[in-house]
Amino acid sequence: MSNQTQPAREGGSKRTAAVAVQGMAPTFPHSSGNSAGDRFDSEDAHNDQRPGWRKFMAFVGPGFLVSLAYLDPGNLETDLQAGANHRYELLWVVLIGMMFALIIQSLAANLGVTTGKHLSELCKVEYPTLVKYCLWLLAEVAVIAADIPEVIGTAFALNILFRIPLWAGVLLTGLSTLLLLGLQRYGIRKLELLIAVSVFIMAGCFFAELSYVNPPASEVMKGMFIPKLSGKGATPDAIALLGALAQPFPALRSCSLPKSSEDACRYFLIESGFALFVAFLINVAVVSVSGTVCFAENISSENADRCSDLTLNSASFLLKNVLGQSSSTIYAIALLASGQSSTITGTYAGQYIMQGFLDLKMKKWLRNLTTRCIAIIPSLVVSIIGGSSGAGRLIIIASMILSFELPFALIPLLKFSSSATKMGPHKNSTYVLVVSWILGAGIIGINIYYLSTGFVEWLIGNGLPKVANAFIGILVFPLMAVYILAVIYLTFRKDVVATFIDPTSLTWRLRPIVPSISS
């Protein structure tokens with residue numbers, strides 16, 4: 001590019017233009033792309049003269065859609081199990097999980113706006129080829145694990161509404177997801193509204209039931225702010241609850257949603273913060289209702305049997321005090337809607353994962369159908385062999401897998417958003433850095449603790465021959481060591497690729513823009 005440029009023709013203007021003279025266009029750190037033109041587009045949006053509330057309403061939708069993923073069948077199942085098994089003792093996990101979810105979304109949004117790339121794209125350029133492909137496979141496994149509760153939840157809803165066998169409902173979920181994607185042609189905002197209304201109807205029912213059963217406020221607050229893991233199965237239930245709340249791929253969704261401008265980022269975070277707060281209250285209500293009803297002194301023998309093996313298929317009895325005989329129908333409709341909300345966000349997350357890591361693009365219906373078919377296989381097998389009880393346990397296992405997967409998205413996100421080579425002056429503050437790493441270290445520590453102690457306890461008490469236990473140990477212990485070493489590698493590896501370009505490092509000269517002369 002020549003250093004001599006023709007004067008710009010701006011009628012009547014006496015502005016001063018900045019021109020890069022080193023043969024390269026200036027790069028703006030807040031741009032969603034790498035060109036100045038993208039920055040000017042963002043400035044046009046930033047200089048929008050509409051009232052603030054009208055600009056905010058223009059961006060409303062993605063944050064609530066993402067946050068509805070925290071009200072999906074996986075969350076409902078883990079909430080119900082936590083309350084039925086431990087009353088209010090695991091409410092602190094809900095609080096920490098929601099705090100971490102908000103931190104993940106805010107860090108991911110800041111990373112996306114500052115770098116113009118989402119997390120999978122940054123992982124692709126930062127890590128060696130082997131590590132990149134391993135992270136891609138783990139991300140795909142996380143998407144499939146998150147889709148399993150949606151498959152089973154939808155099958156449960158169809159079973160309640162139409163008495164369709166559970167295994168047949170699992171098969172029908174492959175068609176339902178294609179139908180949902182087809183409905184997006186008639187307006188994604190209308191579809192978002194329909195799903196949100198259905199989910200919040202169920203939320204309102206749980207709030208009404210909460211006021212009816214009236215749990216002791218002191219016990220609820222104690223469970224929310226005093227961490228405790230007592231009783232049989234508390235640790236795996238806490239891990240499953242945490243995995244359902246602090247999922248690994250909202251980072252991929254969140255930082256891809258608001259890449260258009262800083263205004264979009266700010267409004268997205270405001271909307272997500274409010275939506276996550278509402279989701280937190282709903283999760284607390286579900287746990288509290290389940291815990292109060294199942295631990296009531298005057299509980300009937302029928303309800304006691306249901307509480308001993310509480311699943312999404314049998315949970316509608318919790319709402320009978322509010323809804324009466326219609327409780328199962330309303331509950332099933334809301335359960336059906338909650339699964340579809342996560343289907344939409346999971347589809348977008350899967351697209352960004354494949355596109356970011358591999359530069360591959362797939363049509364939405366093909367991508368979603370592929371993921372759904374893989375998720376259907378274990379769901380179908382378990383529903384045939386174990387029935388509704390086995391399907392409920394599979395949801396818990398899938399949520400635990402998400403918790404174990406969390407470090408492989410969380411650690412790169414924390415490191416990239418705290419790196420001067422990636423973020424420049426927009427990197428995390430020391431306060432955010434310390435809080436994020438403390439929470440992250442706590443989650444990773446609980447995962448590693450349960451992996452080691454849980455497996456050892458299983459080996460001791462499984463009743464298998466010693467030779468079989470030795471063979472299983474030879475297979476599993478190296479995998480556990482690889483898991484721990486991979487976490488250590490991601491944590492302490494230094495970033496080597498710089499994506500932030502300081503505009504002050506370029507050579508600039510100021511030149512007045514010559515006003516045009518009227519002919």
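Worth saying up front: this structure is predicted, and the values here are computed from it rather than measured.

### Here's the deal with the overall build of the protein chain
Counting its regular elements, the protein chain contains 21 helices and 2 strands. In the protein chain, which comprises 519 residues, the proportion classed as buried is 51%. Carbon and sulfur atoms provide 66% of the accessible area of the protein chain, an area that totals close to 23,900 Å².

### What to know about a nonpolar patch on the surface
On the surface, Trp167, Leu171, Ile377, Val381, Ile384 and Ile385 cluster together to form a nonpolar patch covering roughly 650 Å² of accessible area. Only helix H8 (166-183) and helix H17 (364-405) provide two or more residues apiece to the nonpolar patch. Counting residues per element, the nonpolar patch draws most heavily on H17, at 4 residues. With respect to the element layout, Leu171 can be found in helix H8.

### Brief notes about the packing of aromatic side chains
What the rule picks out here adds up to 4 aromatic pairs. With centroids separated by 5.6 Å and ring planes inclined at 80 degrees, the aromatic side chains of Phe408 and Tyr483 adopt a geometry described as edge-to-face. Within this pair, whereas Phe408 is found in helix H18 (residues 407-417), its partner Tyr483 is found in helix H21 (residues 466-492), the two being separated by 75 residues in sequence. Both residues of the pair, Phe408 and Tyr483, count as buried. Centroid distance Phe455 to Trp458: 6.1 Å. Interplanar angle 20 degrees. Geometry classified as stacked. You can see Phe455 and its partner Trp458 sitting in helix H20 (residues 430-461), 3 residues apart, about one turn around the helix. Judged by relative accessible area, Phe455 falls into the buried class, the value being 13%. Through a chain of ring-to-ring contacts, three or more aromatic side chains come together here, namely Phe455, Trp458 and Phe477. Over the aromatic face of Tyr133 sits the side chain of Lys132, whose NZ or CZ is 4.8 Å from the ring centroid.

Rules used in this analysis
- Residues numbered from 1 in each chain as written.
- Predicted model: local features only at pLDDT ≥ 70, side-chain atom pairs only at ≥ 80, totals over all residues.
- Heavy atoms only, no water.
- Helix = DSSP H or I, 4+ residues; strand = E, 2+ residues; numbered from the N terminus.
- Buried < 20%, exposed > 50% of the residue type's maximum accessible area, 1.4 Å probe, protein only.
- Areas by Shrake-Rupley, 256 points an atom, 1.4 Å probe, with all protein chains shown as cover.
- Patch = residues over 30% accessible without salt bridge, like charges linked within 9 Å, V, L, I, M, F, W, Y side chains within 5 Å.
- Salt bridge = Lys/Arg side-chain N within 4 Å of Asp/Glu carboxyl O.
- Phe/Tyr/Trp six-rings, centres within 6.5 Å; stacked < 30°, edge-to-face > 60°.
- Lys NZ or Arg CZ within 6 Å of the ring centre and 35° of its normal.

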